[in-house]
Amino acid sequence: MENYQIVIIGGGPAGLAAAAAAKKNGEDSILILERDNELGGILNQCIHNGFGLHTFKEELTGPEYAGRFIDEVKGLGIEYRLDTMVLSISRDKVVTAMNRRDGMFQVQAKAVILAMGCRERPRGALNIPGYRPAGIYTAGTAQRLVNIEGYMPGREVVILGSGDIGLIMARRMTFEGAKVKVVAELMPYSGGLKRNIVQCLDDFGIPLKLSHTVVDIEGKERVKGVTIAAVDGHGKPIPGTEEHYTCDTLLLSCGLIPENELSLSAGVELSPRHKGPVVNESLETNVDGIFACGNVLHVHDLVDYVSEEATTAGKNAAAYVRGETKTENGAPVELVPGEGIGYTVPETIRPEVMTDILTVRFRVRNVYKDHFISVYFDGERVQHRKKQIVAPGEMEQVILQKKDLLARPDMKKITICLEEA
């Protein structure tokens, strides 16, 4: 049995930032376990720019952004193992993993940071009728084929779903000479950032059809065409609205799911709202000493926020190892998503151990115009900020101050909600 103070599962942007923060906060015994053959995670295939504006105040590509954190981790002398698959994590923080060099091995950690990222929702979860021919890819798989492997998935493309990866791949496929016929989105709003809709679809004349879905896939050996149709308010196709497109490729960009099988093996409680672990203000789960950050916790829109959140997790894991986070002072304050709010991260706050300023991140349930984002301490409204527009594709946040929470020692819950202007 090997022993490390902190073991980090995942060497993507979250794992790297968490490791660097733990090291800078006085912890030397750190091990990163990464299943891929290089550090950097999904950023290695995201060769477009737009990363790093918050973190580095400049525009970087995905590999450049990852490279900065990889260089930092290596410069700090943090140990990592590549091509290493973690099989399970126990409640007492024994990590079982395997690779070709060490075979199967176990590591006893004092703290574990979950940073496994997320995965794409596959075709099997979408119940699209039709044949199962070649030419159907998730957008992320197509991105890897084009940007890393050097293969073109096809020449005539239809995209289902308007998540950020799908929008970016619409532009990428166009750059490589493919014809992107249409992007169909089941919801009445896009799941991606507004800037990606403008830069990846509008700038190239690619139509976005909201409240539409694929109702048939043609072709037995290879995709020959797809039929899309408008849907009603319940997501069911409306007869008579069918449109047919010839194509040889269908890309799916229908949502991301936090990769939490390992979390479940450790007994971590998952949120039914954002599908990631339920965490407190320190990003610690219900299992003592297991922390979570990045897309395994909740799906982010910007990698800068992933790094910021992971820095918090790394710092708090280091404090936990030193025994600085224990508290016995009453029940934690509950964070409740109110009207129009899908979820909040964190879900609970212990005011006496939180930092002076706490960022609470959340997503809204729908597109709302001219609404206030309001914060209530029990029944008293303490924040009331107007937004011209909020949408599910873009993460929102509110800032809470420790002094305000400590001034209300009997407070039971904090509610974040939307209110009409």
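Look up: the structure comes first, before these words.
In this report, we go over the structure that sits alongside the text. Please read all numbers here as calculations on a predicted model, not as lab measurements. (Residues numbered from 1 in each chain as written. Predicted model: local features only at pLDDT ≥ 70, side-chain atom pairs only at ≥ 80, totals over all residues. Heavy atoms only, no water.)

**Side note on the side chain of Thr 227**
Moving on, step 1. Mapping Thr 227 onto the fold places it in strand β13 (residues 225-230).
Moving on, step 2. The buried category is assigned to Thr 227, whose relative accessible area is 12%.
Moving on, step 3. Excluding residues within four positions of it along the chain, Thr 227 makes contact with Thr 213, Val 214, Val 215, Asp 216, Glu 218, Glu 242, Glu 243 and His 244. (Helix = DSSP H or I, 4+ residues; strand = E, 2+ residues; numbered from the N terminus. Buried < 20%, exposed > 50% of the residue type's maximum accessible area, 1.4 Å probe, protein only. Contact = heavy atoms within 4.5 Å.)

**Brief notes about the sheet that holds strand β15 (residues 249-252)**
Moving on, step 1. Here five strands make up an open sheet; going across it, the order is β8-β15-β9-β10-β11 and the pairing parallel. Each end of this open sheet is capped by a strand with a single partner; those strands are β8 (136-138) and β11 (208-210). For this sheet, the mean angle separating the axes of adjacent strands, direction not counted, is 20°.
Moving on, step 2. Across four bridges, the pairing between strand β9 (residues 156-160) and β15 is parallel. Directly across from Ile 159, in β15, lies its bridge partner Leu 251.
Moving on, step 3. Against the sheet, helix α3 (residues 139-149) contacts β8 and β15, and its axis sits at roughly 95° relative to β8. (Pairing = 2+ DSSP bridges. Axes fitted to C-alpha atoms, helices over the stretch in contact; angles between N-to-C directions.)

**Describing a nonpolar patch on the surface**
Moving on, step 1. Together, Met 85, Leu 87, Met 98 and Met 104 line one region of the surface with nonpolar side chains, adding up to about 380 Å² of accessible area.
Moving on, step 2. If you trace the backbone, Met 85 turns up in strand β4 (residues 85-89). (Patch = residues over 30% accessible without salt bridge, like charges linked within 9 Å, V, L, I, M, F, W, Y side chains within 5 Å. Areas by Shrake-Rupley, 256 points an atom, 1.4 Å probe, with all protein chains shown as cover. Salt bridge = Lys/Arg side-chain N within 4 Å of Asp/Glu carboxyl O.)

**Observations regarding the packing of aromatic side chains**
Moving on, step 1. All told, the structure shown has five aromatic pairs when counted by the stated rule.
Moving on, step 2. Where Phe 175 meets Phe 204, the ring centres are 5.4 Å apart and the plane angle is 80°; that geometry is what we call edge-to-face. Remark: Phe 204 occurs in the loop between α5 (194-201) and β11 and Phe 175 occurs in helix α4 (residues 164-175); sequence separation between them is 29 residues.
Moving on, step 3. Its relative accessible area of 52% is what places Phe 175 among the exposed residues.
Moving on, step 4. Classification of Phe 204 by relative accessible area gives partly exposed; the value is 33%. (Phe/Tyr/Trp six-rings, centres within 6.5 Å; stacked < 30°, edge-to-face > 60°.)

**As for the layout of surface pockets**
Moving on, step 1. In this structure, the second largest pocket encloses a volume near 480 Å³.
Moving on, step 2. Residue lining of the second largest pocket: 24 residues in total, with Glu 281, Thr 312, Asn 316, Thr 355 and Leu 358 positioned closest to the centre.
Moving on, step 3. Of all elements in the fold, only α7 (303-321) and β21 (357-364) reach the threshold of two or more residues within the lining of the second largest pocket.
Moving on, step 4. With seven residues, α7 is the single largest residue contributor to the lining of the second largest pocket.
Moving on, step 5. Taken together, the residues of the lining of the second largest pocket sort by class into eight nonpolar, nine polar and seven charged. (1 Å grid on protein atoms, 1.4 Å probe; cavity = no way out; pocket = protein on both sides within 12 Å on 5 of 7 lines; lining within 4 Å. Points joined across faces, edges and corners; volume = space filled by probe spheres on them. Nonpolar A, V, L, I, M, F, W, Y, C, P; charged D, E, K, R; others polar.)

**With respect to the packing of helix α1 (residues 13-24) against α7**
Moving on, step 1. As a packed pair, α1 and α7 sit with axes 7 Å apart at the nearest point and diverge in direction by 40°. On the basis of their axis angle, the class for α1 and α7 is oblique. For the pair α1 and α7, the crossing hand works out as right-handed. Between α1 and α7, the contacting residues are Pro 13, Ala 14, Ala 17, Ala 18, Ala 21 and Ala 22 on the first element and Val 303, Val 306, Ser 307, Ala 310, Thr 311, Gly 314, Lys 315 and Ala 318 on the second.
Moving on, step 2. Class assignment of the residues belonging to the contact of α1 with α7 gives a composition of 10 nonpolar, three polar and one charged. (Parallel < 35°, antiparallel > 145°, perpendicular 65-115°, else oblique. Left-handed = near helix turned anticlockwise from the far one by under 90°.)

**As for the pattern of salt bridges**
Moving on, step 1. By the definition in use, this model includes 21 salt bridges.
Moving on, step 2. Close ionic contact of Arg 322 with Glu 324 constitutes a salt bridge, the shortest N to O distance being 2.9 Å.
Moving on, step 3. Of the residues examined, Arg 322 reaches a relative accessible area of 38% and is grouped as partly exposed.
Moving on, step 4. For Arg 381, the salt bridge goes to Glu 419, with nearest N and O atoms at 3.0 Å. With Arg 381 in strand β23 (residues 380-390) and Glu 419 in strand β25 (residues 413-420), this residue pair connects regions lying 38 residues apart in the sequence.
Moving on, step 5. Its relative accessible area of 42% is what places Arg 381 among the partly exposed residues.
Moving on, step 6. It is possible to trace a salt-bridge network through shared partners that takes in Glu 2, Glu 79, Arg 81, Arg 101 and Asp 102.

**Comments concerning the environment of Ala 20**
Moving on, step 1. With respect to the helices and strands, the residue Ala 20 is situated in helix α1.
Moving on, step 2. Here Ala 20 is in contact with Glu 72, Leu 76 and Ile 78, once residues within four sequence places are set aside.

**Examining the nonpolar core**
Moving on, step 1. If you look at the biggest cluster of nonpolar residues, it comprises 62 residues, and the most contacted ones within it are Ile 6, Ile 8, Ile 9, Leu 33, Ile 89, Ile 113 and Leu 114.
Moving on, step 2. Broken down by element, the residue count for this core peaks at eight residues, all from α7.
Moving on, step 3. Leaving out residues up to four positions away in the same chain, Ile 89 has contacts with Ile 9, Val 94, Val 95, Val 112, Leu 114, Leu 262, Ser 265, Ala 266 and Ile 290. (Core = buried A, V, L, I, M, F, W, Y, C linked by side-chain atoms within 4.5 Å.)

**Some details on the side chain of Glu 120**
Moving on, step 1. Along the chain, Glu 120 turns up in strand β7 (residues 118-120).
Moving on, step 2. Buried within the structure, Glu 120 lacks any salt-bridge partner; Arg 119 is the closest side chain of opposite charge, at an N-O distance of 9.8 Å.
Moving on, step 3. What Glu 120 contacts, discounting residues up to four positions off in sequence, is Thr 138, Ala 139, Gly 140, Thr 141, Ile 165, Leu 252, Gly 255 and Leu 256. (Lys, Arg positive; Asp, Glu negative; His and termini not counted.)

**What about the environment of Thr 84?**
Moving on, step 1. When you line up the elements, Thr 84 lands in the loop between β3 (79-81) and β4.
Moving on, step 2. On a C-alpha basis, the gap between Thr 84 and Asp 356 in space is 38 Å, while along the polypeptide they are 272 residues apart.
Moving on, step 3. A polar contact is formed between the side chain of Thr 84 and the side chain of Asn 99, at a distance of 3.0 Å. (Polar contact = N/O pair within 3.5 Å; in protein donor to acceptor, adjacent residues only side chain to side chain.)

**Brief notes about the environment of Val 73**
Moving on, step 1. Looking at the element boundaries, Val 73 is found in helix α2 (residues 62-75).
Moving on, step 2. Exposure remark for Val 73: the relative accessible area of 0% places this residue in the buried category.
Moving on, step 3. Between the C-alpha atoms of Val 73 and Ala 19, which are 54 residues apart in sequence, the distance is 7.1 Å.
Moving on, step 4. Not counting residues within four places of it along the chain, the set of residues in contact with Val 73 comprises Leu 16, Ile 32 and Ile 78.

**Quick word on α7**
Moving on, step 1. Compared with the 27 Å implied by 1.5 Å per residue over 19 residues, the 27 Å span of α7 between its first and last C-alpha is a close match.
Moving on, step 2. Looking one or two residues past α7, Gly 323 carries a phi angle of roughly 75°, positive in sign. (Expected span 1.5 Å × (residues − 1).)

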